[in-house]
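Now for the letters of each chain:
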Amino acid sequence: MGCFECCIKCLGGVPYASLVATILCFSGVALFCGCGHVALTGTVTILETHFSKVTTDHAMLTDVIQLMQYVIYGIASFFFLYGIILLAEGFYTTSAVKELHSEFKTTICGRCISGMFVFLTYILGVAWLGVFGFSAVPVFLFYNMWSTCATMRTTMANLTNIDSICVDVRQYGIIPWTATPGKACGSTLGDICNTSEFYLSYHLYIVACAGAGATVIALLIYMMATTYNFAVLKFKSREDCCTKF
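Residues numbered from 1 in each chain as written. Predicted model: local features only at pLDDT ≥ 70, side-chain atom pairs only at ≥ 80, totals over all residues. Heavy atoms only, no water.

Draft legend 1. Layout of the overall build of the protein. Regarding its fold elements, the protein presents seven helices and two strands. Mapped from its N terminus to its C terminus, the protein presents α and β elements in the order α-α-α-α-α-β-β-α-α. Expressed as a percentage of contacts within the protein between residues at least 6 apart in sequence, the contacts between residues at least 24 apart total 83%. Within the structure as shown, the protein displays about 13,900 Å² of accessible surface, and the carbon and sulfur contribution to it stands at 72%. (Helix = DSSP H or I, 4+ residues; strand = E, 2+ residues; numbered from the N terminus. Contact = heavy atoms within 4.5 Å. Areas by Shrake-Rupley, 256 points an atom, 1.4 Å probe, with all protein chains shown as cover.)

Draft legend 2. Main features of the state of the cysteines. Taken as a whole and assessed by the stated rule, the structure comprises two disulfides. The side chain of C149 participates in a disulfide bridge whose partner is C193; the two sulfur atoms lie 2.0 Å from each other. Between C149 and C193 the disulfide shows an S-S torsion of about 65°. By sign, it is right-handed. Of this pair, C149 sits in helix 5 (residues 108-154) while C193 sits in helix 6 (residues 186-193), placing them 44 residues apart in sequence. We note that C149, like C193, is buried. With a sulfur-sulfur separation of 1.9 Å, C166 is cross-linked through a disulfide to C185. Its S-S torsion of about 110° marks the bond between C166 and C185 as right-handed, since a negative value means left-handed. Of this pair, C166 sits in strand 1 (residues 166-168) while C185 sits in strand 2 (residues 183-185), and the two are 19 residues apart along the sequence. (Disulfide = S-S within 2.5 Å. Buried < 20%, exposed > 50% of the residue type's maximum accessible area, 1.4 Å probe, protein only.)

Draft legend 3. Local environment of the pattern of salt bridges. Tallying each qualifying case throughout the model produces one salt bridge. Ionic pairing is found between D168 and R170, a salt bridge with its closest N-O pair at 3.0 Å. (Salt bridge = Lys/Arg side-chain N within 4 Å of Asp/Glu carboxyl O.)

Draft legend 4. How the structure looks around helix 6. Listing the buried residues of helix 6 in full gives G186, L189, G190, I192 and C193. One side of helix 6 holds all its buried residues, which, seen down the axis, span an arc of 160°. (Arc of directions from axis to C-beta.)

Draft legend 5. Focus on the UniProt feature "transmembrane region" (unreviewed entry) in the protein. Mapped onto the present numbering, the UniProt feature "transmembrane region" (unreviewed entry) falls on residues 19-47, 67-92, 113-143 and 204-228. Counted over residues 19-47, helix gives 100% and strand 0%. Its end C-alpha atoms are 41 Å apart. The distance from the first to the last C-alpha atom of residues 67-92 is 38 Å, and the span holds 100% helix and 0% strand. (UniProt positions renumbered as here; feature names shortened; annotations may be inferred.)

Draft legend 6. Layout of the environment of Y143. As for its placement among the helices and strands, Y143 is situated in helix 5. The spacing of Y143 and H203 is 60 residues in sequence and 9.9 Å in space, taken between C-alpha atoms.

Draft legend 7. Structural context of the nonpolar core. One finds F51, F79, W128, M145, V169 and L189 to be the most contacted residues of the largest nonpolar core, which totals 44 residues. Only helix 2 (16-51), helix 3 (59-93), helix 5, helix 6 and helix 7 (196-243) provide two or more residues apiece to this core. Setting aside its immediate chain neighbours within four residues, W128 contacts V29, F32, I75, F79, A212, T215, V216 and L219. (Core = buried A, V, L, I, M, F, W, Y, C linked by side-chain atoms within 4.5 Å.)

Draft legend 8. Local environment of the packing of aromatic side chains. Using the criterion set out here, one finds 13 aromatic pairs in the structure. A ring pair is formed by Y143 and W146, whose centres lie 6.0 Å apart and whose planes are at 35°; its orientation type is tilted. Of the two residues, Y143 and W146 both sit in helix 5, three residues apart, roughly one turn of that helix. By relative accessible area, Y143 is classed as partly exposed at 41%. An aromatic cluster is present here, built from F32, F78, F79, Y82, F117 and W128 joined pairwise through their rings. (Phe/Tyr/Trp six-rings, centres within 6.5 Å; stacked < 30°, edge-to-face > 60°.)

Draft legend 9. Fine view of the environment of L19. Tracing the backbone through its elements, the reader meets L19 in helix 2. On the basis of relative accessible area, L19 is assigned to the partly exposed category, the value being 31%. Between the C-alpha atoms of L19 and A218, which are 199 residues apart in sequence, the distance is 10.0 Å.

Draft legend 10. Examining the confidence of the model for the protein more closely. When pLDDT is averaged across the protein, the result is 79; 78% of the residues are at 70 or more. No element of the protein has a lower mean pLDDT than helix 4 (residues 95-100), which averages 48, and none a higher one than helix 2, which averages 88. (pLDDT = per-residue confidence, 0-100.)

Next up, the structure:
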């Protein structure tokens, strides 16, 4: 029983909320960064092959996409470290750990660090809401193209001129209006939708958007966990102050 009780106490000291948030955060960031990186590469290939034959027309877009891919590397590294730090902070501030280690004492430095994590997690949560909204934009664009191709295929027998159905990516501001050809119509558009680059990029953007949503949920759980931990530290500091003689 002694060993069993010790195991129960150890399990009681695990910050399950922070643990779930860490797993969800790692999974979401991995999906967002990995799928987003490959999808951006496929997008450049589609634009260069079908919508912008002149390199100078999409040179700025290519530079922006390359910059975004480097940012993805930084995001993955940062959240890997931040998730581990928050998990460790959860272990050392949970009430169960305090019961296991009676010598645990709160300090002003410890409370400031916990408060800093609360503030930083809230800021990251708001930022990732923006990332989640931004990641939905390419999904919307690719869905419009895919639905146009699907409509063209289902009504092809009733159309007198399928070349009248077009997708013009210039209207989205992706490439300048001077880019040639800038749009794809009829059978050309259908061929684009059947390419492996389009199919893969479309589904990877969906997975990346889902990963961003999972990260937002993870940060919300982190917010609740860090706020609770900070409140416990504040309560513990008041308790120590009131019991001093």
